[in-house]
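Below are the chains, spelled out letter by letter.
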Amino acid sequence: MEQGTVTSLLEENGTIKGVQYKTKAGQELKAYAPLTIVCDGCFSNLRRSLCNPKVDVPSCFVGLVLENCQLPFANHGHVILADPSPILFYPISSTEVRCLVDVPGQKLPSIANGEMANHLKTRVAPQLPPQLYDAFISAIDQGKIRTMPNRSMPADPYPTPGALLMGDAFNMRHPLTGGGMTVALSDIVVLRDLLKPLSNLNDAVSLSKYLESFYTLRKPVASTINTLAGALYKVFCASPDQARKEMREACFDYLSLGDVYSTGPVALLSGLNPRPLSLVVHFFAVAIYGVGRLLLPFPSLKRMWIGARLISGASSIIFPIIKAEGVRQMFFPVTVPAYYRAPPAK
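Structural notes, computed from the coordinates. Every residue gets a number counted from 1 within its own chain, in the order that chain's sequence is written. Thresholds applied to this predicted model are a pLDDT of at least 70 for local features of residues and 80 or more for the giving and counting of side-chain atom pairs; totals over whole chains, interfaces and linings are not thresholded and use all residues. Heavy atoms from the whole structure form the basis of all side-chain values; hydrogens and water molecules are not counted.

1. Some remarks on the nonpolar core
Alright, step 1. By size, the foremost hydrophobic cluster in this structure holds 33 residues, and its most contacted members are V235, M247, F283, F284 and L310.
Alright, step 2. Listed by contribution, the elements that provide at least two residues to this core are α5 (219-236), α6 (242-256), α8 (276-295) and α9 (301-325).
Alright, step 3. By residue number, the principal contributor to this core is α8, which donates eight residues.
Alright, step 4. Residues grouped as a nonpolar core are buried Ala, Val, Leu, Ile, Met, Phe, Trp, Tyr and Cys residues, joined through side-chain atoms within 4.5 Å. With a 1.4 Å probe rolled over the protein chains alone, any residue whose accessible area is under 20% of its type maximum counts as buried; one over 50% counts as exposed, and the rest are partly exposed. Core analysis: the next-biggest nonpolar cluster, separate from the first, contains 28 residues, L35, V190, L191 and F214 among them. The way it works is that DSSP assigns letters per residue, a run of H or I at least four long becomes a helix, a run of E at least two long becomes a strand, and they are numbered from the N terminus.

Shown next as structure tokens:
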């Protein structure tokens with residue numbers, strides 16, 4: 001194993017032959033390999049030649065670490081449905097809780113001139129559970145505020161002989177559901193199973209053709225988690241629109257029903273049920289549940305209109321995400337020719 005900062009991929013006649021990297025001492029070196037796996041994260045400098053990166057930044061996270069406080073439900077992650085967007089809390093040690101405040105858009109209040117601290121104290125803190133309030137204010141006063149952009153990017157690879165993209169360099173979703181590592185580790189298992197029967201990786205062109213099946217085989221897990229992350233974020237954001245408010249409340253109440261209404265979505269979130277169709281069923285079950293609450297016991301024209309807008313709004317949330325993921329690969333992967341690629345002959 002060599003440690004260094006990769007500065008570029010080495011390309012020859014359209015095939016990636018290896019990498020150029022810089023050591024800690026500042027030495028420029030080259031490393032060659034039959035297969036280069038590129039996984040340089042969300043700020044990837046190397047993905048441009050390997051995929052079509054359509055990066056969207058819907059929001060930013062403002063991070064704090066709260067000390068010596070008790071979460072309402074010990075050892076559980078918490079999502080606070082705040083205005084204008086969700087706030088996450090989860091334990092990271094026996095005495096520390098990480099807090100991530102979602103701030104929509106790309107423009108954040110300034111930390112340097114105190115705008116951020118003021119925003120957190122006046123807009124965010126009053127919406128928190130009482131048992132977290134003092135620890136939250138204390139964390140702000142300590143000044144250890146960190147920020148990061150929340151990025152979303154559908155997987156749109158250019159199959160390139162000699163190289164393969166993985167992780168956030170390849171595919172990102174909103175981190176609200178914490179699905180990034182689940183997708184990355186699932187991708188690793190898919191790739192491992194594809195590479196296992198091979199004894200020789202030196203024929204880059206036929207290997208690249210064979211590994212095209214990776215992009216289809218990864219879809220059930222990846223697209224389920226990606227779609228759910230994008231859809232949940234949009235549903236959980238506050239909106240002045242009455243139909244969106246109803247959808248948000250319906251989602252919360254649907255999960256509160258327990259049994260399959262809770263375990264089903266959680267199995268989708270965690271990658272335990274990699275079936276995109278189950279996701280669509282649950283998503284529209286939430287919408288129909290919301291419409292049912294509006295129309296019972298006595299429907300009115302106004303409530304019927306809100307219900308129609310709720311179904312329309314739900315469709316406008318989920319269908320663009322599904323389109324970006326690829327309808328055919330998501331729901332009918334066996335119809336994609338690459339699904340059946342055989343390993344290259346030895």
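2. Structural notes on a nonpolar patch on the surface
Alright, step 1. Nonpolar side chains collect at one region of the surface, where L217, V334, Y339 and Y340 lie side by side and expose about 360 Å² of accessible area between them.
Alright, step 2. Its place among the elements puts V334 in the segment after α10 (327-331). Only residues above 30% relative accessible area that lack a salt bridge enter a patch, with like-charged residues linked at up to 9 Å and the nonpolar side chains Val, Leu, Ile, Met, Phe, Trp and Tyr linked at up to 5 Å. Note on areas: these come from Shrake-Rupley sampling with a 1.4 Å probe, and a residue is covered only by the protein chains present in the view. Criterion for a salt bridge: a side-chain nitrogen of Lys or Arg within 4 Å of a carboxyl oxygen of Asp or Glu.

3. Structural notes on empty space enclosed by the protein
Alright, step 1. Site definitions follow a grid-based scheme: protein atoms alone, a 1 Å grid, a 1.4 Å probe that fits but cannot get out for cavities, and for pockets an open set with protein on both sides within 12 Å along at least five of seven lines, plus lining residues having an atom within 4 Å of a point. Grid points are joined across faces, edges and corners, and a volume is the space filled by probe spheres set on the points. Per the stated rule, a full pass over the model turns up two cavities of 30 Å³ or more.
Alright, step 2. Estimated volume of the largest cavity: approximately 50 Å³.
Alright, step 3. What lines the largest cavity is L35, P159, T160, G162, A163, L164, L207, S208, L211, E212 and Y215.
Alright, step 4. Ten residue types, Ala, Val, Leu, Ile, Met, Phe, Trp, Tyr, Cys and Pro, are classed as nonpolar, four, Asp, Glu, Lys and Arg, as charged, and the remainder, Gly among them, as polar. Residues of the lining of the largest cavity, tallied by class, amount to seven nonpolar, three polar and one charged.
Alright, step 5. Residue lining of the second largest cavity: L50, P157, Y158, T160, A163, L164, L165 and Y215, and that is the complete set.

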